[in-house]
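Notes for the structure review
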Amino acid sequence: MTTISRRDWLLTDRPASRRQARLGQIYRTWLTFRGNWLAMVGLAIVLALIIVALFANVIAPYDPVIGGDLRTARFLPPLTGNHLMGTDDLARDIFSRIVHGSRLTLMVVVLVAVIATPIGLLVGTSAGYFGGWTDTILMRITDIFLAFPRLILALAFVAALGPGIENAIIAIAITSWPPYARLARAETLTIRDSDYINAARLQGASSARILWYHVTPLCLSSVIIRVTLDMAGIILTAAGLGFLGLGAQPPQPEWGAMIASGRRFLIDQWWVATMPGIAIFVVSLGFNLLGDGLRDVLDPKARK
Amino acid sequence: MLHSRRLLAATVAAFTLFTAPAVRAETPADTLIQAWAIDDIISLDPAEIFEFTASEVAGNAYEGLIGYDPMDVTKIFGKVAESWEVAEDGLSISFKIRPGRTFASGNEITAEDVVFSLTRAVKLDKSPAFILTQFGLTPENADQMVVQEGDDTVVFKMDKPYAPTLLLYCLTATVGFVVDKKLVMEHEANGDFGYEWLKTNYAGSGPFTIREWRANEAVVMERNPNYSGDAPAMARVIYRHIPEGATQRLLLEQGDIDIARSLTAEELDAVRANADLKIQEGPKGSIYYLGLNQKNENLAKPEVRQAMKYLVDYAAIADTIMKGKVSVHQAFLPKGFLGALEDTPFALDVAKAKELLAAAGLPDGFSVTMDTRNTPEITGIAQAIQQTMAQAGVKMELIPGDGQQTLTKYRARNHDIYIGRWGPDYQDPHTNADTFARNPDNADDATSKPLAWRNAWDIPEMTARADAAVLEGDAAKRAEMYLALQAEHQQTSPFVVMFQEIEVSAMRANVNGFIVGPSFNDNSFAHVTK
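The rules we used
- Residues numbered from 1 in each chain as written.
- Chains lettered and ligands numbered in written order.
- Predicted model: local features only at pLDDT ≥ 70, side-chain atom pairs only at ≥ 80, totals over all residues.
- Heavy atoms only, no water.
- Helix = DSSP H or I, 4+ residues; strand = E, 2+ residues; numbered from the N terminus.
- Contact = heavy atoms within 4.5 Å.
- Rg over C-alpha atoms; globule rule 2.2 N^0.38 Å.
- Buried < 20%, exposed > 50% of the residue type's maximum accessible area, 1.4 Å probe, protein only.
- Areas by Shrake-Rupley, 256 points an atom, 1.4 Å probe, with all protein chains shown as cover.
- Salt bridge = Lys/Arg side-chain N within 4 Å of Asp/Glu carboxyl O.
- Patch = residues over 30% accessible without salt bridge, like charges linked within 9 Å, V, L, I, M, F, W, Y side chains within 5 Å.
- Pairing = 2+ DSSP bridges.
- Axes fitted to C-alpha atoms, helices over the stretch in contact; angles between N-to-C directions.
- Parallel < 35°, antiparallel > 145°, perpendicular 65-115°, else oblique.
- Left-handed = near helix turned anticlockwise from the far one by under 90°.
- Nonpolar A, V, L, I, M, F, W, Y, C, P; charged D, E, K, R; others polar.
- Phe/Tyr/Trp six-rings, centres within 6.5 Å; stacked < 30°, edge-to-face > 60°.
- Lys NZ or Arg CZ within 6 Å of the ring centre and 35° of its normal.
- Buried area = accessible area lost by both parts, 1.4 Å probe.
- Polar contact = N/O pair within 3.5 Å; in protein donor to acceptor, adjacent residues only side chain to side chain.

Secondary structure summary: chain A contains 13 helices and zero strands in total. Reading chain A from its N end, one meets helices and strands in the order α-α-α-α-α-α-α-α-α-α-α-α-α. Dimensions of chain A, computed from the C-alpha atoms along their principal axes, are close to 75 × 60 × 30 Å. In chain A, of all internal contacts separated by at least 6 residues, the share reaching a separation of at least 24 is 69%.

Now the structure itself:
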């Protein structure tokens, strides 16, 4: 016991406490995850996005909104002077704008996940657990939302709420919860008649308690996988709204809006639209790889 | 049949698109093809036309009583009219109709057609009707105010002795164009003076006839075989609806079109460098300005208004974002107008603006919003202004919207700052004085709502001066009055007048004779050769 390494303590097949067992499980999951190098690339990209967003002020060499001299500093190609990615039509440093734009992207992703996941979980687990009329009504509402293409529905909501990044977030959140509800309901249906649920019910646990402490944790892993996989879609939807002028508003350095304003110069000043495009591509790819990796390790049914 | 022809055309178009780099398409020698955004056309009836594209089409397809030299608008000459005479009391002008001229239909142009056209426009009362009704005409009295005398004379009566040039210039606007009474009345339905028919058809006498208008697709014009002047060299002129500047440029470079009408500053740079292409410029009457709403307590302070005028980098914007498309201009009358003030006293001066803001009790600046139409150019200018304003602590937030949204808000006086573009309706200075320097009633429910009203700028004294200027018959005195009016307006008004537009068209090097005039109905391709 005295010389046991931390690794052995985590990997022991006879855990001495609940905590040790749980930590051991997490460590094993991590080991599997680490073995998937693509997932590690995805994780690295997402971590890089978070770091860049947190330290945008330190990383960005220029102000993202206020440009340089219009006469001399417009449309500088990449790698001129201190401009890693060149400058745009208003002489703003594109690299600084992309760095600050990562905050908007991260904000959209996090807020949508925070808003949409609980709604989806609540609707799905309630529908699955209670069944009957509750199930029918909740699922038909979900069906209505699923009947519309996501971007179109988001467009309609933004048009009704007015353009702006906050409204874009609300619109995307409203349109992205239904798949989570479906998923949570399916999971709930498979476990709601399990012995341990019945046991909890016999002990007098309320429905709310059973839903929250016994059903939700079991649905969580599959929903998290789905949310992570959806994040790329969320980023693309936000960028799409920005591109159409309905998301972030100028002069905010939102990547989609940057592409929209840069496309006018695509023939001669390709970098203005290309750089934010690459940023969107890389970050979407990162979330997809991460989601894939998470599914491999978290979803017991998919494990080979 | 139509379907299969469309399909064929689409296939051919798709084919040419893909093979274009290899096979260089050329437009037919007797056809002029222009690329422009023609989605603003809502009607081809001269009594209703008030849009840029439709004005230009009408300008080449119809004729007015009189015209002016597009290079020097002070040179006025008769077109349908042979001569005119101002009555001694200044309350009427009589026009003698030029004999022996015909419409495209073959009908002779008579005084009856002129009376019909003018009274028709007043009675239909569409958007541009005010250009005629401001002389005291109403749908009820129009038949008494515009009358035929003898065989070949038309008398136009007015309620006040306005400066004669005001009426003459107003009659050069599209609303004053002469339509073929006989042809139009053949298509009358329910007493609409043939309006429903003329919306999509043609009854004029200009060098070209309008053969077809397909909304958001094309306008096709053909040489008028019965034109009374010199026959144009082009047998056909086609406008294609191509809103994207980049697409226009590619088509122009490939030779698929002859003239590209809406290229951005950057695309024009590329055209300048290409030996196969050339550029033609012409100053337009449109001006770009900021309207500062006087209902905003900060903007209502005279020092703040003044400070805002020092916080725009006029020269840099005109040299970069809007290069070649605008020139710096700071008075409400555009260059080329009678009495236009060409002084540009303001330039970016942050220190001076800060002093003025401090004097107004706002040393740290203030926050304000600006309603911005979401076109690339307006947004570009707005963001450049936002940056220079920030240097003096004025935190300006942009509220983008489409043209309809921003304009509705502006017309309801709910904005802080509005960035706008104003095009004069006719070539007389009163057109802009009327809107920038007149506000007869500043109440929320006023009947007349000029730009001064929209910005809640209450100016009884300046309104009286603008009213006096329009009644001055002597042109030199009148010019003096407008110069003085603008000099004061420039300093005190809540309008930051920034630029005058330059219309730039890029064309194939072999296209000659295209005329770019001060207003869109002066743009002429009757003399184009290639």
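Of the regular secondary structure elements, chain B holds 19 helices and 17 strands. Here the C-alpha radius of gyration of chain B, 24 Å, is about what a compact globule of 530 residues would show, namely 24 Å. Taken along the three principal axes of its C-alpha coordinates, chain B extends 70 × 70 × 40 Å. Counting across all 530 residues of chain B, residues that qualify as buried make up 57%. Taken as a whole, chain B presents about 20900 Å² of accessible surface, with 52% of it coming from carbon and sulfur.

Another aspect to go through is the pattern of salt bridges. Pairing between side chains becomes possible if they bear opposite charge and their charged atoms approach one another. Residues and elements named next belong to chain B. In this structure the tally under the stated criterion is 42 salt bridges over all chains. Here Asp 428 ties to Arg 478 by a salt bridge, and the two come within 2.6 Å at their closest N and O atoms. Of the two residues, Asp 428 sits in the loop between strand S16 (417-422) and helix H16 (430-436) while Arg 478 sits in helix H19 (residues 475-492), which places them 50 residues apart along the sequence. Judged by relative accessible area, which is 0%, Asp 428 ranks as buried. A salt bridge links Glu 461 to Arg 465, with the shortest nitrogen-to-oxygen separation between them at 3.9 Å. Here Glu 461 and its partner Arg 465 are both found in helix H18 (residues 460-470), four residues apart, which amounts to about one turn of the helix. Three or more residues are tied together by salt bridges with common partners; here these are Arg 211, Glu 212, Arg 214, Glu 217, Glu 222 and Arg 236.

For the rest of this paragraph, the subject is a nonpolar patch on the surface. Residues and elements named next belong to chain A. A surface patch of nonpolar side chains, about 640 Å² in accessible area, is lined by Leu 47, Ile 50, Ile 51, Leu 54, Phe 55, Val 58 and Ile 59. Mapped by element, the contributors of at least two residues to the nonpolar patch are helix H3 (37-54) and helix H4 (56-59). Summarising the element assignment, Ile 50 is placed in helix H3. Owing to a relative accessible area of 32%, Ile 50 belongs among the partly exposed residues under this scheme.

A few words now on the sheet that holds strand S6 (residues 146-149) of chain B. Residues and elements named next belong to chain B. With antiparallel pairing, four strands are arranged side by side in an open sheet as S4-S5-S7-S6. The outermost strands of the open sheet, each flanked by one partner alone, are strand S4 (81-86) and S6. Going from strand to strand, the sheet's axes swing by 25° on average, the running direction of each strand aside. Note that S4 and strand S5 (residues 92-97) share five bridges and pair antiparallel.

As a further point, take the packing of helix H2 (residues 18-35) of chain A against helix H13 (residues 271-298) of chain A. All names here are of chain A. The contact between H2 and H13 brings their axes to 9 Å, and the two run at 135°. One element, H2, and the other, H13, form an angle in the oblique class. Helix-helix and strand crossings are classified by hand; for H2 and H13 the assignment is right-handed. Here H2 contributes Thr 29, Thr 32 and Phe 33 to the contact with H13, which in turn contributes Leu 290, Gly 293, Leu 294, Val 297 and Leu 298. By residue class, the composition of the contact of H2 with H13 is five nonpolar, three polar and no charged.

So, about the environment of Phe77(B). All names here are of chain B. Looking at where Phe 77 falls in the secondary structure, it is placed in strand S3 (residues 72-78). Remark: the alpha-carbon pair of Phe 77 and Gly 67, spanning 10 residues in sequence, is separated by 5.4 Å. In this structure Phe 77 touches Ile 66, Gly 67, Tyr 68, Asp 69 and Trp 84, once residues within four positions along its chain are discounted.

In the structure shown here, the tally under the stated rule is 24 aromatic pairs over all chains. Each ring, one from Tyr62(B) and one from Tyr202(B), has its centre 5.2 Å from the other, and the planes form 65°; the classification is edge-to-face. You can see Tyr62(B) sitting in the loop between helix H2 (52-61) and strand S2 (66-69) and its partner Tyr202(B) sitting in the loop between helix H8 (195-198) and strand S8 (208-214), a full 140 residues away along the chain. Accessibility expressed as a relative area gives 11% for Tyr202(B), which makes it buried. Each member of the aromatic cluster is reached from another via a ring pair, and the members are Trp36(B), Phe52(B), Phe208(B), Tyr239(B), Phe520(B) and Phe525(B). Note that Arg209(A) overlies the ring of Tyr213(A), its terminal NZ or CZ placed 5.0 Å from the centroid. Stacked on the ring of Tyr195(B), the Lys or Arg Lys126(B) has its end atom at 4.3 Å from the ring centre.

Listed as interface residues are 19 residues of chain A and, on the opposing side, 24 residues of chain B. Across the chain A/chain B interface, buried area totals approximately 1800 Å², and carbon plus sulfur atoms make up 56% of it. A salt bridge links Asp319(B) to Arg71(A), with the nearest nitrogen and oxygen atoms 2.4 Å apart. Connecting chain A to chain B are seven residue pairs in polar contact (both at pLDDT 80 or more).

On to helix H9 (residues 245-254) of chain B, then. All names here are of chain B. Within the sequence span of H9, burial applies to Gly 245, Ala 246, Gln 248, Arg 249, Leu 251 and Leu 252. Buried-residue contacts for H9 involve strand S1 (31-36), strand S10 (236-241), strand S11 (259-260), helix H10 (265-272), strand S12 (277-292) and strand S17 (495-508). Phi turns positive, to about 85°, at Gly 255, one or two residues after H9.

Function cannot be read off these values alone, since they describe shape.
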